[in-house]
Structures are given as structure tokens and as C-alpha cells.
Amino acid sequence: MQINFNRLKKDIDELGRIGRDPKGGITRPSFSKADLEARAWLKEKIQEAGLSCRVDGAGNIFGRLGEGQGKTIMVGSHIDTVINGGMFDGSVGVLSGLECLRRIQEEGYRLRKPLELASFTDEEGNLVGDFLGSRAFVGELDKELLEKGLTAFGRPLKEILAGTEFTIEGILEAHKSRPEIEAYLELHIEQGPVLETEDVPIGIVDLITGKHYRWCSYIGNASHSGTTPLELRQDAFLGLADFALKSTQYVATKHYGSMVTIGKVNVMPGAFSVVPGQADFSFEFRSGSKETMSVLESELFSLAEDIASTRGLAFVSRIIDKTEPVKIPPRLINLLQEECRKLGHPFMPVTSGAGHDAQILASKADAAMIFIPSPDGISHSPQETIRWEDLEKGANLLLQALLQLAS
Ligand SMILES: [Zn+2]
């Protein structure tokens, strides 16, 4: 059995037309007008395929095949995008999963276990933190976060939901309708350059790194830049600059392979002739090891404090998000490798530096991921693309793996 590749390609093209942004790429954050249109489109496709369609309180969309006994084998990803994102991130996983279930249905294949497609809400974190849908699905959401949380657009989540059939209570209850899941598979674009550089069409993920996000501030004293001697300043920006360099040096020399990034900076008051009194910045670090994550947490923030006290500043921070690294279970890695060999597709192990729904599902089921190359490593951009022949290989691997797991 093989997937119907032309049909899959047509689906990806069709979905890729919803939410086109005049400024480039696709803008389809969850619960936006474009997203609601994409949801309606997906539900129709699921029903056309003869799968039973269900939507939970968090807006996660499911398509189920077979009422067989035993735990569910799940396949999925997401159809929301970042602002001015690409048409493949997430979509290739959901639509390949749909195509696999559709083929199995068409063949009238009898499986021992139920198969279910999942499209998770707001994987991209445009609402309140990453993975809203999959976190709701496993039941690890915080009521206070949802009630007080602001979206990436600065609006309260409640306000975004007001135009939809969804509520905060519904999101918090979503996990109650979750079936028992044995395994979860997700096909995704790599979003990095490794597979293309190595010229290998399939990556079998061995590890998904954990991340730690904080908003941080150095607070000093704004003063006149012409009259305040250098040694008497409490320059918040210099605290930030010192921390940026020293934290990067520390990670590069002591924990090579881990990542540290300051992605957004705001210096206040932000003018000529004024020594900066406050510097706010985003600070994140990532690692594939739980132990390293906790070492980094204590070392990096004690470094931040040391710099503050040396420079006469205050340092404050608050945690925005935290995920644990996830090791993919060997039984699923072995299964994917074996099916890849049978199909004759070259493959290699890869580590995912980006987070995915699979990472969240891993707390409730064995979860694994298949990557296909991202040309030039580009993702979260209108330039994001794929080579279609890689997707065909990846989707056929997904089909074979699902058949093995559900038989
Ligand atoms: Zn994604």
C-alpha cells in the first residue's frame, strides 16, 4: 500500500491558499478568521474520507478510523502558522496523516487498533504560550494562565475566544475526552539545515530538546549621559550586554551543543543623552539533557545576578515557558528505521532543536517524529519550502509505521 501522492500534494496546495498574507507567506494563527476557514476545510476533508470527526474543547480536530479494541495509535501535527509563516510547517504532518488514514480506509484494511488523526490548536504559541492544544489534550494547562494570559498580539485569550465556539472552561476540560493512546507519530519539516547538508531525505528524531523562556530586566538609573561619569553610572544596557556575552561564552565553552539566545531587547528610556535606566529582554536556553537544563538554569541566573551586583543594578525575571527534553523510545526509532530500510530510503538520526506537539504527547504515549529536509534550513518564513519527493518518502514511511503499530 502506498499513499496517493498527487492527492496529498493537492491538499497541501489547497490548505496553503488559506490565510495568504499580503505581506508574504501565510498568517493563520489559531482562531483567526483564516484559521476558522482552515478548520472548516479540514473537517470537511476528514468527513469526505469517511473518518469520524470530533473536535474537543480546545479546538483540537480529530479524525478516527476503526472502533477496534485497545489503545489508539495517533498521528498528527498542527495547521496554525506563525505570522508570515510558511505553508509546510505543521500542515505536512496533518495532511500526510490524513492521507495515510484515507488510504487505509480505501483499502478496507482491517486493523486491530483504532487510528486517529489529530490537528492540535495553536502549536505556534500565538495565543498563550506554545502547544495550547496538545497541552490541553494531555491536561497540563494552568487555569490562571488561560484567564490572565495575553496573546502574542497583546489581547486577552478570552477576547480571542469570544468570537468562537470555544471557552477557557472547555479548553481546561479537553483532556477528559482523550482516548488512551499507545503511540503518537508526527511527520514534520526539519526547520534546520542538517538533512539537506547531509543530502538525506529522512531524519528519524532521537531527541527533542527542552527549552526555558524568561522575560528579564536589568534595572539601573537613567541619568544624563554628558554629566554622569562612567564609573558612577548604573547603566542597565551594559548589564544586558555583559550578560549576553558571558552567558553565550559560558554555554559555548561548558555546554557546547546547548543553545542560549536573547531575541528581543528594549532599552529605556531609549534616547541620545540618557544613560539607559532599564533594559528588558527575552532570554531562552535549550538543551537535550534534563540535567544540563537544571545546571543551566542555576548557573545562568546566578551569572545574571553577579553581573547585576558588580554593576550596581537589579536583575528581575519571570518564567514564561518551560519544556523538558524528550528522548524518543527506542522501540519507535527501531520501527521507523526498519520500515525505512524496507522502503529503501536513506535516513539518519536527528535531534530536534525546535519543540513540537510530540514532545507534549510524550507524557501520555510513546511519541516519535519523522523529519523531511527544509531546503536552506528555512522555516517560519514565506521562503519555507520542501522537495516534494522527500515528502512522498516521508509520508509513505508514516503509512508503513502506522500499519505496523495498528496491526
Ligand atoms: Zn510545526
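Residues numbered from 1 in each chain as written. Predicted model: local features only at pLDDT ≥ 70, side-chain atom pairs only at ≥ 80, totals over all residues.

(A) Up close: the overall build of the chain. Counting its regular elements, the chain contains 13 helices and 16 strands. Considered along the principal axes of its C-alpha atoms, the chain spans approximately 80 × 45 × 40 Å. Looking at the chain as a whole, 48% of its 407 residues are labelled buried. Long-range contacts, defined as pairs at least 24 residues apart, comprise 78% of the intrachain contacts of the chain with a sequence gap of at least 6. (Helix = DSSP H or I, 4+ residues; strand = E, 2+ residues; numbered from the N terminus. Buried ≥ 20, exposed ≤ 12 C-beta atoms within 10 Å, placed from the backbone. Contact = placed C-beta atoms within 7 Å.)

(B) Focus on unusual backbone geometry. With an omega of 0°, the peptide bond running from M268 to P269 counts as cis. Structurally, P269 is set in the loop between β10 (265–268) and β11 (274–275). In this structure, F31 is a non-glycine residue whose phi angle is positive, near 70°. Counting through the fold element by element, F31 comes out in the loop between α1 (5–15) and α2 (33–48). We note that F131 has phi near 65°; this positive angle belongs to a residue other than glycine. Along the polypeptide, F131 turns up in the loop between β4 (115–119) and α4 (132–138). For F131, a count of 26 C-beta atoms within 10 Å translates into the label buried.

(C) The packing of helix α3 (residues 91–106) against helix α13 (residues 388–406), seen in detail. Packing of α3 against α13 leaves a shortest axis separation of 9 Å and a crossing angle of 55°. One way to sum up the angle between α3 and α13 is to call them oblique. The interaxial crossing formed by α3 with α13 has right-handed handedness. Between α3, through V92, S96, G97, E99, C100 and R103, and α13, the contact on the second element is made entirely by L391, G394, A395, L398, L399 and L402. (Axes fitted to C-alpha atoms, helices over the stretch in contact; angles between N-to-C directions. Parallel < 35°, antiparallel > 145°, perpendicular 65-115°, else oblique. Left-handed = near helix turned anticlockwise from the far one by under 90°.)

(D) Geometry of the domain arrangement of the chain. In terms of domain boundaries, the chain breaks down into domain 1 (5–208 + 326–406) and domain 2 (210–323). The C-alpha-based centres of domain 1 and domain 2 are spaced at 35 Å. Among the residues forming the side of domain 1 that touches domain 2, the class breakdown is one nonpolar, five polar and one charged. (Domains from an automatic or database assignment. Nonpolar A, V, L, I, M, F, W, Y, C, P; charged D, E, K, R; others polar.)

(E) Expanded view of α13. The end-to-end C-alpha distance of α13, which contains 19 residues, comes to 27 Å, matching closely the 27 Å that a straight helix rising 1.5 Å per residue would cover. In terms of burial, α13 is largely enclosed, as 15 of its 19 residues are buried. (Expected span 1.5 Å × (residues − 1).)

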